[in-house]
Every structure is written in structure tokens, then in C-alpha cells.
Amino acid sequence: MIRLFDHHRIRNTKELEGLWDFSKVAEVGDVPDRYTMKLPVPGCWESHAELGTYRGKGVYRKMLSVPKKCNVRLEFKGVSHTANVYFDGMPAGHHYNAYTAYDVVLPEVEAGEHELLVYVDNSFGDHSALHVPNDYYTYGGITRPVSMEIISEVYLERVMFTPIQSTDGWKGHWRALLRNIGDKKQEAVVKGTVAGHELVFSSIDLNPGQSSWVEGELAYPDVDAWSPEHPVLYELEARLTLNGVEADDWIDRIGFRSIDICGEKIMLNGKPLIFKGVNRHEDHPMAGSALPLGLMVQDLDLIRELGCNSVRTSHYPYDERFLDLCDELGILVWEENHARGLSLEQMQHPLFAVQSEQVTREMVEQHYNHPSIVIWAVLNECASDTEEGRVHYRRQLEIIREVDPLRPRTFASHHRSREKCFDLAEIVSVNLYPGWYTDEDPGELADLAKGWAESLGGSGKPMIISEFGGDGFYGFRSRDRVKGSEERQADILLSNLKSYQSRDFISGMFIWQFCDCRVTEGLDWLLNRSCTRNSKGLVDEYRRPKLAYDVVKACFKPDSHISE
Ligand code: ADA
């Protein structure tokens with residue numbers, strides 16, 4: 001399943017889910033004598049008994065059957081972490097980073113059988129500035145769905161819809177990107193429908209090779225707002241006509257909601273919002289980062305049962321099916337680009353700017369229509385305490401603004417009084433670990449953090465505590481409540497939550513973290529985490545709730561009874 005609904009009705013689309021041939025290779029372009037394995041797509045190769053810790057390159061093969069001469073578009077929702085695509089033996093596309101989609105467009109493919117090879121690389125090294133040994137795991141494989149489409153010579157590359165709340169009610173601003181891959185000029189007309197109201201865009205002539213945007217705005221007087229309590233979704237349908245003949249479509253789901261900053265408050269549909277959330281990694285011992293839909297739903301059920309209204313996609317853009325579920329279930333999302341804890345030296349990597357700017361732009365463009373996403377973020381715990389780091393923070397936040405004029409932006413900082421970038425974003429977010437990495441009192445620390453924000457460019461802005469928590473090893477119990485026990489983890493979370501929930505200036509809190517996750521095995525103290533795992537989950541890696549789960553639930557959902 002690519003999305004939770006049909007993304008096209010006119011465009012012919014087929015998901016390439018199934019078992020693909022696989023072989024390890026030394027280099028991109030190497031053709032194996034034989035394919036020794038078959039691996040599921042989507043999936044992580046670590047799920048195979050012989051590849052549990054494999055870091056390197058591999059090639060996936062799939063034969064594609066093309067019914068008649070046509071233009072083919074292959075969409076890869078996520079390959080971890082670098083993909084090189086070959087079609088009938090020829091290089092056809094390249095993409096870096098595991099967490100955003102990319103496509104390969106193949107004009108005029110002949111009818112018949114064709115060989116698709118996807119070389120996948122999950123290795124660390126000079127070619128990779130963002131995927132580095134870290135406190136989570138970079139898996140290998142074609143980890144998200146792949147689809148094959150037959151497209152017209154001019155097709156809809158993207159449709160972006162912005163709901164706007166005005167004094168006269170809801171309006172919607174449309175932008176549609178058209179691309180002509182044919183060899184003749186074409187006249188295109190787009191019509192867009194939401195909630196029974198049709199917008200006809202002015203017709204446009206596209207020359208061969210040209211891509212162009214068309215834009216328009218329409219009032220939607222009779223729609224209901226999307227909110228966590230009533231996550232009302234509407235189908236968006238854009239239809240493209242070429243020289244009078246219907247040729248392509250784009251279907252999405254949108255919601256009408258506003259997200260604004262008003263002084264120190266974050267306002268959803270004009271009402272102050274407090275995030276009660278968890279940080280989550282896409283990680284599961286049975287599936288790696290390639291969670292099937294059922295496991296995503298299980299996570300969201302546990303998150304909702306906890307009394308949360310939000311999830312932070314730490315530390316990368318998510319599988320779009322998870323975002324579809326959040327749209328449908330009314331879970332608010334803080335989505336962030338891919339980076340965790342990169343030092344200034346790591347940010348000086350020659351590929352850092354290009355790789356992280358690319359994932360930022362792709363994230364916002366690709367996930368723009370999800371009403372559940374209400375915050376965009378960049379660069380978790382990177383070098384925002386330096387002038388050189390600030391250049392990157394500024395640029396990446398600007399990229400978000402170029403694509404999205406409305407959603408507030410933030411970044412999670414652990415630099416305390418050394419922070420240099422609070423002025424660049426609309427929301428101040430701080431990661432604090434009182435009770436775990438330090439002995440500080442969480443309330444006093446939150447007050448101090450407010451002071452840092454005020455004196456360092458974040459004055460008058462909303463503040464979120466974006467991380468706090470402590471390790472709790474599932475099943476390790478201690479009457480003395482020693483560090484690492486489930487009891488101590490519950491105590492730490494309780495004292496943190498009480499302090500943050502009683503402070504008016506805090507607009508939200510995201511617990512570190514929802515589930516235990518695998519980390520890279522490494523040599524320094526951090527990456528030598530016991531069991532190669534970050535154990536700060538409220539549930540363990542198999543989603544078994546720890547003691548802290550019910551303690552948090554009592555804070556987030558005070559009306560529920562712990563024993564129920
Ligand atoms: C940081 C970081 C998280 C995680 C956490 C921890 O704040 O943002 O990814 O590593 O610390 O568990 O120490």
C-alpha cells in the first residue's frame with residue numbers, strides 16, 4: 001500500500017510490492033553472476049537472517065512488464081540510504097537519503113519485459129553527511145513502497161493546496177506543477193475539485209521539456225475545520241486535459257485548519273494549543289525501519305491511548321502512510337528534516353549543505369498537503385551555537401519558508417545559554433534531560449530555559465520542551481528505584497511532566513521517546529549503549545508498555561484510571 005487512498009484514478013498505477021531478487025555487490029554497476037537471495041520490497045535487508053548487521057551495497061532486481069509503448073514513471077518512496085537505479089542496463093537515476101521520495105521518468109519505453117536494478121548502499125563514509133553512526137539505526141534496503149505508473153506526455157508532477165482562514169470563511173490556494181516530457185507543444189487545462197467546488201485554472205501552453213506552475217484560489221463556504229477532535233478530511237482531485245482530452249489526475253486528502261503564532265501561544269484554528277507528544281523513531285525489531293501499516297496503526301493506538309495529541313518525527317521525514325494515518329486520526333505532527341547531533345566538524349562535510357538542503361526541500365514539497373503537520377523543523381541538536389552553524393540553520397529555515405508560507409518553524413536545541421539561532425524560527429524548542437543526564441530540578445531548569453530564550457533572540461516566542469526522559473530497561477525493576485529501572489524512568493518522567501504542565505509559558509512537551517530503538521554499534525560511550533539500544537522508550541522495542549507508560553497516561557489523560 002502506497003497511500004491510504006487511491007492517489008490516481010486516471011493515471012495507470014501499479015505497486016511493485018513483492019519479493020525482488022537480491023545480491024550483495026562490491027560496487028554500483030556490478031552485475032552478480034546470480035542472485036542469491038529474495039528480499040521483500042518494501043523491507044529492510046536486516047530482516048534477513050544473513051544480513052542482520054550488513055552495512056554495504058546490494059542490488060535488487062525486478063522484471064517489469066510494459067503492455068504497450070508508453071512513458072513510465074517509477075516512484076521510490078524511500079531507499080535507505082542511497083539508490084542508483086538502472087533500467088535495461090543503463091543508469092537512470094540517483095538519490096541520497098532514506099527518508100524522502102524520488103522518481104525516475106522513462107519516456108517512450110517499448111512494450112515488453114524490462115529489467116529494473118536498484119543498487120542500494122547503507123554504508124557510512126565520505127559520500128554521506130547525514131547518515132552517520134548515530135543514536136538510531138540506518139537500515140539498508142528499499143524500505144518504503146515503490147510504484148510504476150504510465151504517464152501522459154504532460155503530467156501533474158505535484159499539487160499543493162493551502163487552506164486559508166479569512167473573515168469570510170475558508171478559502172483554498174492551489175498550485176499545480178505540470179511537466180511536458182514529450183517533443184511537442186501542448187495546451188493543458190487543469191480543473192481542481194474539493195468539497196464539490198470546482199476551480200478551472202487558465203489554460204497553459206507547455207513547450208517540450210518545460211515545467212510550469214498554475215495557480216488559483218477559491219472559496220469553500222460550507223466546509224468543516226480539521227482538528228484533533230474532528231479530523232475532517234476532504235478529497236482533493238485535480239484533473240488535467242490535454243488538447244481537450246482527459247490525460248492525468250492527482251488525488252489527495254486535505255483538511256481546513258489554521259496554525260498561527262500569537263505572542264507566546266501556538267494557535268490551532270484560533271485556539272491555544274498545548275502539544276502532549278512523543279518523539280518516535282521508525283524502528284521495530286521485526287521490521288527495522290520498514291514498518292508495515294499494521295505496526296504503524298499499533299503505534300498510533302498506543303500513542304493515542306497515552307493521551308497524546310502529537311508526534312515528533314525524530315529525526316527525519318516519515319513514511320507518508322504514517323502521515324496519512326495522523327491526518328485521519330487527528331494526531332498533530334512536528335516533522336523534521338534529517339539530522340541528529342551533528343557537530344560543527346560534521347556540518348563542515350563538503351556534502352552537508354547540499355544533502356541537508358535537498359531533504360528539507362523534498363520533505364516540505366512532498367508532505368505539504370497533510371493537515372496533521374503543523375510544525376516543520378530542522379537540524380536536531382546540531383551546531384546552532386556557532387556562527388558557521390547558524391548559516392546552515394538560516395538557509396534551511398529559509399528553504400522551508402520558500403515552499404511553505406504558513407507553518408511555523410523550529411529546531412530542537414541543547415545548547416542552553418550558548419544558543420545562537422533562537423531568533424531564526426517562530427518557536428523556541430529545547431531538549432533537556434533533568435533527572436537523567438543531570439541532577440537539575442526540571443521546573444527550575446525550564447525557568448532557566450525561558451530566560452535563555454528571552455535573552456538570546458527568542459523573547460516573546462512560544463516554547464516547547466522537545467525532549468526529556470531517561471532510560472528504563474524493560475523488566476528491570478528495583479525497589480530502590482535505581483537508575484535504569486522502570487521505576488526510576490517513571491519517576492523522572494513524572495517530575496518532568498508535572499513541572500512543564502504547570503508552566504503557562506510552555507506550549508508543549510515531547511517525551512523522549514515512544515519506543516526503544518536500535519542504535520549503531522560504535523566505539524564512543526554514547527554508541528556503546530547497552531543492548532545496542534536507546535532504552536528511553538515508554539514501550540520497549542516490541543511495544544510492551546513499561547511502568548512509565550501508565551504514569552505518563554495519568555498526566556496526559558488525568559480522567560482515565562491507571563487500573564482500567
Ligand atoms: C538527544 C537526541 C536524541 C537522543 C537523546 C538521548 O537529545 O536528540 O536523539 O539521542 O539525546 O537519548 O540521549
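About the cut-offs
- For every chain, the first residue of its written sequence is number 1, and the numbers climb from 1 along that sequence.
- pLDDT decides what is reported in this predicted model: residues at 70 or higher carry local features, side-chain atom pairs at 80 or more are listed and counted, and totals for whole chains, interfaces and linings draw on all residues regardless.
- For side-chain calculations, the full set of non-hydrogen atoms in the structure is used, while hydrogens and water are omitted.
- Here, a strand pair is defined by DSSP locating no fewer than two bridges between the strands.
- The secondary structure listing takes helices from DSSP runs of H or I that are at least 4 residues long and strands from runs of E that are at least 2 residues long, numbered from the N terminus.
- Note on geometry: axes are C-alpha line fits, over the in-contact stretch for helices, and angles between N-to-C directions span 0 to 180 degrees.
- Angles are sorted into four bins: roughly parallel if under 35 degrees, roughly antiparallel if over 145, roughly perpendicular if 65 to 115, and oblique for all others.
- Crossings are classed by handedness, with left-handed meaning an anticlockwise turn of the near helix from the far one by less than a right angle and right-handed meaning a clockwise turn.
- It only takes one pair of heavy atoms within 4.5 Å for two residues to be counted as in contact.
- Any residue outside Ala, Val, Leu, Ile, Met, Phe, Trp, Tyr, Cys, Pro, Asp, Glu, Lys and Arg is labelled polar, Gly included; the first ten of those are nonpolar and the last four are charged.
- Reported domain spans reflect what an automatic or database domain assignment gives.
- Note on definitions: buried area is the accessible-area loss of two parts on being combined, 1.4 Å probe, summed for both.
- Whenever a carboxyl oxygen of Asp or Glu lies within 4 Å of a side-chain nitrogen of Lys or Arg, that contact is scored as a salt bridge.
- Pairing of aromatic side chains requires ring centres within 6.5 Å, counting the rings of Phe and Tyr and the six-membered ring of Trp. Pairs whose planes differ by under 30 degrees are stacked, by over 60 edge-to-face, and all others tilted.
- Relative accessibility under 20% of the residue-type maximum defines a buried residue, over 50% an exposed one, and the middle range a partly exposed one, all with a 1.4 Å probe and only protein chains included.
- Counted as over-ring charges are cases with an Arg CZ or a Lys NZ within 6 Å of the ring centre that also lie within 35 degrees of the ring normal.

### Re the sheet that holds strand β3 (residues 37-41)
- If you trace the six strands from one edge of the open sheet to the other, you get β3-β2-β4-β9-β6-β7, paired in antiparallel fashion. The outermost strands of the open sheet, each flanked by one partner alone, are β3 and β7 (90-96). For this sheet the average axis-to-axis angle between neighbouring strands, irrespective of direction, equals 30°.
- Looking at chain direction, strand β6 (residues 82-87) and strand β9 (residues 112-121) are connected through six bridges and run antiparallel. Residue Thr82 lies in a different strand from β9, and its bridge partner there is Asp121.

### Regarding the packing of helix α4 (residues 352-367) against helix α5 (residues 387-403)
- Running from amino to carboxyl end, α4 crosses α5 at an angle of 25°, the nearest separation of the two axes being 9 Å. With respect to their mutual orientation, α4 and α5 come out roughly parallel. Along this stretch, α4 crosses α5, giving a crossing that reads as right-handed. On the side of α4, the interface is formed by Phe352, Ala353, Ser356, Glu357, Thr360, Arg361, Val364 and Glu365, while α5 contributes His392, Arg395, Gln396, Ile399, Ile400, Glu402 and Val403.
- Split by residue class, the contact of α4 with α5 holds six nonpolar, four polar and five charged.

### Here we look at the sheet that holds strand β11 (residues 154-166)
- Across the sheet, three strands lie side by side as β11-β12-β16; this open sheet has antiparallel pairing. The open sheet terminates on both sides in strands that have one partner only, identified here as β11 and β16 (211-220). Strand-to-strand, the axes of this sheet are offset by a mean angle of 15°, without reference to chain direction.
- Alignment of strand β12 (residues 169-180) against β16, held across 10 bridges, turns out to be antiparallel. Paired with Trp170 across the bridge in β16 is Tyr220.

### Regarding unusual backbone geometry
- The step from Ser80 to His81 runs through a cis peptide bond, and the omega angle for that step is -5°.
- Following the sequence through the fold, His81 ends up in the loop between β5 (70-76) and β6.
- Residue Gln513 follows Trp512 across a cis peptide bond; omega there is 10°.
- Structurally, Gln513 is set in the loop between β30 (506-511) and β31 (517-518).
- One non-glycine residue, Leu379, lies in the positive phi region at around 45°.
- Relative to the elements of secondary structure, Leu379 occurs in the loop between β25 (373-377) and α5.

### Re the packing of helix α1 (residues 293-305) against helix α2 (residues 320-329)
- Here α1 crosses α2 at 40°, and the two axes come no closer than 10 Å. When the axis of α1 is compared with that of α2, the two are oblique. As for the relative orientation of α1 and α2, their crossing is right-handed in sense. Contact residues: α1 offers Leu293, Met296, Val297, Leu300 and Arg304, while α2 offers Arg321, Phe322, Leu325, Cys326 and Leu329.

### Quick word on the domain arrangement of the chain
- Taken domain by domain, the chain holds domain 1 (12-151), domain 2 (154-254) and domain 3 (277-556).
- The C-alpha centroid of domain 3 is placed 34 Å from the C-alpha centroid of domain 2.
- Contact residues are listed per partner, giving 15 residues for domain 2 and 16 residues for domain 3.
- Here domain 2 meets domain 3 over a buried area of about 1,300 Å², counting both sides, of which 55% is carbon and sulfur.
- There are two salt bridges connecting domain 2 and domain 3.
- Note that Glu365 is salt-bridged to Arg158, the shortest N-O span being 3.2 Å.

### Things to note about the packing of aromatic side chains
- Using the criterion set out here, one finds 25 aromatic pairs in the structure.
- For the pair Phe275 and Phe510, a centre-to-centre distance of 5.6 Å together with 35° between the ring planes defines the contact as tilted. One end of the pair, Phe275, is in strand β22 (residues 275-279); the other, Phe510, is in strand β30, with 235 residues separating them in the sequence.
- Ring centres of Tyr433 and Tyr437 lie 5.2 Å apart, and the angle between their planes is 65°; on these two criteria the pair is classed as edge-to-face.
- Residue Tyr437 is classed as partly exposed on the basis of its relative accessible area of 41%.
- By way of ring pairs, the aromatic residues Phe161, Trp170, Trp174, Phe201, Tyr220, Tyr234 and Phe256 are connected into one cluster.
- Note that Arg407 overlies the ring of Tyr368, its terminal NZ or CZ placed 5.5 Å from the centroid.

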